[in-house]
Amino acid sequence: MSSKTIPVVASCAVALTGAIAANASTVSASAPGSYGDLVASYDPIASGYNWPANTGHRWEIAPGLIGDQTELRSDVFRVNQNIAVGTGPDVINLSPGDMVFAYTITLVTAVPNTTITSLDKFSVSGIPLFANGADVLWHENVLGLGWVSTASDTPTSTQLTTAGGLGGFADYNWFSGDDFNLDNDQTITLLMYTGPSAIGWGNGNFSAPAGQPGGLDEIVQGDGVAPQVLIPKIPAPGAASILGLAGLAAVRRRR
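Scoring rules and cut-offs
- Residues numbered from 1 in each chain as written.
- Predicted model: local features only at pLDDT ≥ 70, side-chain atom pairs only at ≥ 80, totals over all residues.
- Heavy atoms only, no water.
- Phe/Tyr/Trp six-rings, centres within 6.5 Å; stacked < 30°, edge-to-face > 60°.
- Buried < 20%, exposed > 50% of the residue type's maximum accessible area, 1.4 Å probe, protein only.
- Helix = DSSP H or I, 4+ residues; strand = E, 2+ residues; numbered from the N terminus.
- Salt bridge = Lys/Arg side-chain N within 4 Å of Asp/Glu carboxyl O.

A.B. asks: Before we move on, could you go through the packing of aromatic side chains and cite the residues and values that matter?
C.D. replies: This model, assessed by the stated rule, comprises six aromatic pairs. Their ring planes at 70 degrees and their centres at 5.9 Å tell us that Y49 and W51 sit as a pair that is edge-to-face. Its relative accessible area of 1% is what places W51 among the buried residues. An angle of 65 degrees between the planes, with centres 5.0 Å apart, marks the rings of F122 and F206 as edge-to-face. Of the two residues, F122 sits in strand 10 (residues 121–126) while F206 sits in strand 16 (residues 198–207), which places them 84 residues apart along the sequence. Here F122 matches F206 in class, with each residue buried. In textbook terms, an aromatic cluster arises when at least three aromatic residues are bridged by ring pairs, as seen for Y49, W51, Y103, F122, Y172 and F206.

Right under this line is the structure:
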């Protein structure tokens, strides 16, 4: 996984600067392409990834013949203007050079007793020591989390979970219960706002409510199971230190 080349659309040298991590949930009034330039994009299914059988994210018409599966695409934008996204207390002020990591999900179609019926949590992870991506998620550089305005069922909260120098998770949570979750065939774009950042490899982890067919809990979706996503990569060498090992299990829990 780590040997893959980041699919760069356009390149530009950036200065890496620190930022204060935030958990703000903000609904962006417009897609990041309206105030940023696309610099990288990755679609795991178009690149040959398929969800493993019996995960609830894959429907096989016949053995080996895939009729549909959950889709996930990463797009990374570099902000090209001063702009404020969100409203009220969750406003995030972006400047030229800041980044927006956008994750577009389309949930698998509904097939009784075969596919999951809703999604209640999506996480972007970057903790290579625990097989959750090839690179360390630079959570200190995250300015906030949010999503594009959409007609789909939207998240109700977001959260950054950190594990010291090991990396961390960015969580997008929906209300419990199928009526409030992201539903089959719905599409949503989730956003991570960061300062100027290098681009690395992480995982996209999916969680469905208990009792759905084949639904995997996000904790077991490590490398080889979860699809890859693009993440803000920590630039310092040796970032995956032993610091935070003892506290990882404590800080990483279902809400």
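A.B. asks: Describe the pattern of salt bridges, listing the residues and the values that go with them.
C.D. replies: Inspection of every chain in the model, using the stated rule, returns three salt bridges. The salt bridge involving R58 is made with E60; its shortest N-O contact spans 2.5 Å. In this structure, R73 and D75 form a salt bridge, with 2.7 Å as the shortest nitrogen-oxygen distance. On the accessibility criterion, R73 (33% relative accessible area) is partly exposed.

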